[in-house]
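Each chain, letter by letter, is given below.
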Amino acid sequence: MVRTLLVRGLLLGLLAGLVAGVFAFAVGEPRIDDAIALEKAAAVHEHGAAAEPGSATHGHETGTPEQRAGTHGKESGTHEHGDEVGRGTQKAGLFLATGLYGLAVGGVFSLAFAGLRGRVGPRSDAALALATAGTAFAAVIVVPFLKYPANPPAVGDPETINTRTLLYLAMIGVGLLSTAIAVTTVRGVRGGPWARWPAAVLAFVVPVAVASLLLPAVDEVPDGFPATLLWQFRITSLGTQLVFWASFGTLFGWFCDRAARAPAPA
Amino acid sequence: MSTLSARHIPLSHLVPWLLAVPALLLLGYLVLMDNGAVSQTGGYLHELMHDGRHLLGVPCH
């Protein structure tokens, strides 16, 4: 049973990841290209020298101003990352990234689903799949997004990547913890739905709001970066995750439903 | 809803499969967050997954 769920989670996660990749490629790549073009233009303006076309394969200039000045105009451009990957490869790599992301998420999801099944949430597998995917999207994607929204290339100081990553992971932890508190609350509160659901919403929102107020802000948008492009990129990024979780939840629920109808459940 | 349904999967069946979780989390880490420290590929993985990282919303350069 667990094996069946895990295999289903891995395969459907991969599939949903590729679907999200199609959305990200069609809607997101133009935004990334725009941001990179702005970044290159800013770098040219800053140093008074044109970037070598072949050297900017990372897509954006990285490193401190000193490092950037040091690498500027050199043929291969010794980025702090070392390796060079062309823009075309990066666009193909997008599908690899979303596909592998889906594989990993789908596997973890299916094991969580196996643990929740019959213990918490709706009794129907299909309804549980949709409810779990929706909750995971809210807790793991929307909560961190509200505090630390996605940024396009050209936004963000490379020096602070580790701090930003830790803060982002902290917000994921806050989202998961708040979900656990909300689920405990909804099971513990006596009375009808009019008492339980507001209590559950409060139990979710209050810890998230407190953590958002306590954790430090990250504001690294360069002066003059177009607000419209920033907004469009962030909505597209949230949309990519929405496409992933909606496709995955629907596919997983649909396959559960299908398995339940089969004469001999797999 | 709060009672244990007969449909639950016994924990003894579930636990061995949980060994897959660290491997899955490592895969997620390599896709979303590694900057060469674990993968030892320099920045290659980071660069390859670059657009995906930005669009999946994780912090990136």
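Residues numbered from 1 in each chain as written. Chains lettered and ligands numbered in written order. Predicted model: local features only at pLDDT ≥ 70, side-chain atom pairs only at ≥ 80, totals over all residues. Heavy atoms only, no water.

1. Focus on the interface of chain B and chain A
Point 1. At the interface, 43 residues of chain B touch 59 residues of chain A.
Point 2. For the chain B and chain A pair, buried surface summed over both sides reaches about 4600 Å², with 67% attributable to carbon and sulfur atoms.
Point 3. Put simply, chain B and chain A have two salt bridges between them.
Point 4. Measuring nitrogen to oxygen at the nearest pair gives 2.7 Å for the salt bridge that ties Arg7 of chain B to Asp125 of chain A.
Point 5. For the interface between chain B and chain A, the tally reads 10 residue pairs in polar contact (both at pLDDT 80 or more). (Contact = heavy atoms within 4.5 Å. Buried area = accessible area lost by both parts, 1.4 Å probe. Salt bridge = Lys/Arg side-chain N within 4 Å of Asp/Glu carboxyl O. Polar contact = N/O pair within 3.5 Å; in protein donor to acceptor, adjacent residues only side chain to side chain.)

2. Thoughts on the confidence of the model for chain B
Point 1. Residue-level pLDDT values for chain B average 86, and 90% of them are 70 or greater.
Point 2. Complex prediction metrics read pTM 0.86 and ipTM 0.91. (pLDDT = per-residue confidence, 0-100.)

3. Some points on the UniProt feature "transmembrane region" (unreviewed entry) in chain B
Point 1. The positions that UniProt labels "transmembrane region" (unreviewed entry) are, in the present scheme, residues 14-32 of chain B.
Point 2. In this annotation, residues 14-32 of chain B is assigned 74% helix and 0% strand; the end-to-end C-alpha distance for the span is 27 Å. (UniProt positions renumbered as here; feature names shortened; annotations may be inferred. Helix = DSSP H or I, 4+ residues; strand = E, 2+ residues; numbered from the N terminus.)

4. Notes on the layout of surface pockets
Point 1. By volume, the largest pocket is sized at about 1400 Å³.
Point 2. Looking at the largest pocket, it is lined by 45 residues, and the ones nearest its centre are Thr135, Ala136, Ala139, Val140 and Leu176 of chain A.
Point 3. Within the residue set of the lining of the largest pocket, elements represented by two or more residues are α3 (87-116), α4 (125-147), α5 (161-188), α6 (193-214) and α7 (227-261) of chain A together with α2 (20-32) of chain B.
Point 4. Take the lining of the largest pocket: its biggest share by element is 11 residues, from α5 of chain A. (1 Å grid on protein atoms, 1.4 Å probe; cavity = no way out; pocket = protein on both sides within 12 Å on 5 of 7 lines; lining within 4 Å. Points joined across faces, edges and corners; volume = space filled by probe spheres on them.)

5. Brief notes about the packing of α3 of chain A against α4 of chain A
Residue and element names in this part refer to chain A.
Point 1. Closest axis-to-axis distance for the α3/α4 pair is 11 Å, and the angle between their directions is 120°. As summarised for this structure, α3 and α4 are arranged oblique, according to the angle between their axes. You can see that α3 and α4 cross each other, and the crossing is right-handed. Along its contact with α3, which presents Tyr101, Phe109, Phe113 and Leu116, the element α4 presents Asp125, Leu128, Ala129, Thr132, Ala133 and Ile141.
Point 2. When the residues that make up the contact of α3 with α4 are grouped by side-chain class, the tally is eight nonpolar, one polar and one charged. (Axes fitted to C-alpha atoms, helices over the stretch in contact; angles between N-to-C directions. Parallel < 35°, antiparallel > 145°, perpendicular 65-115°, else oblique. Left-handed = near helix turned anticlockwise from the far one by under 90°. Nonpolar A, V, L, I, M, F, W, Y, C, P; charged D, E, K, R; others polar.)

6. Focus: the UniProt feature "transmembrane region" (unreviewed entry) in chain A
Residues and elements named next belong to chain A.
Point 1. UniProt records the feature "transmembrane region" (unreviewed entry) at residues 92-114, 126-146, 166-186, 198-218 and 238-256, using the numbering of this structure.
Point 2. End C-alpha atoms of residues 92-114 are separated by 33 Å, and the span's content is 100% helix alongside 0% strand.
Point 3. When the span residues 198-218 is considered, its composition is 81% helix and 0% strand, and the gap between its end C-alpha atoms is 31 Å.

7. Structural notes on the domain arrangement of chain A
All names here are of chain A.
Point 1. Assigned domains of chain A: these are domain 1 (1-44 + 87-155 + 225-265) and domain 2 (156-220).
Point 2. Counting residues at the interface gives 11 residues for domain 1, matched by 18 residues for domain 2.
Point 3. The contact between domain 1 and domain 2 buries some 1300 Å² in all, and 71% of this surface belongs to carbon and sulfur atoms.
Point 4. At the surface where domain 1 touches domain 2, the tally comes to zero salt bridges.
Point 5. Applying the counting rule to domain 1 against domain 2 returns four residue pairs in polar contact (both at pLDDT 80 or more). (Domains from an automatic or database assignment.)

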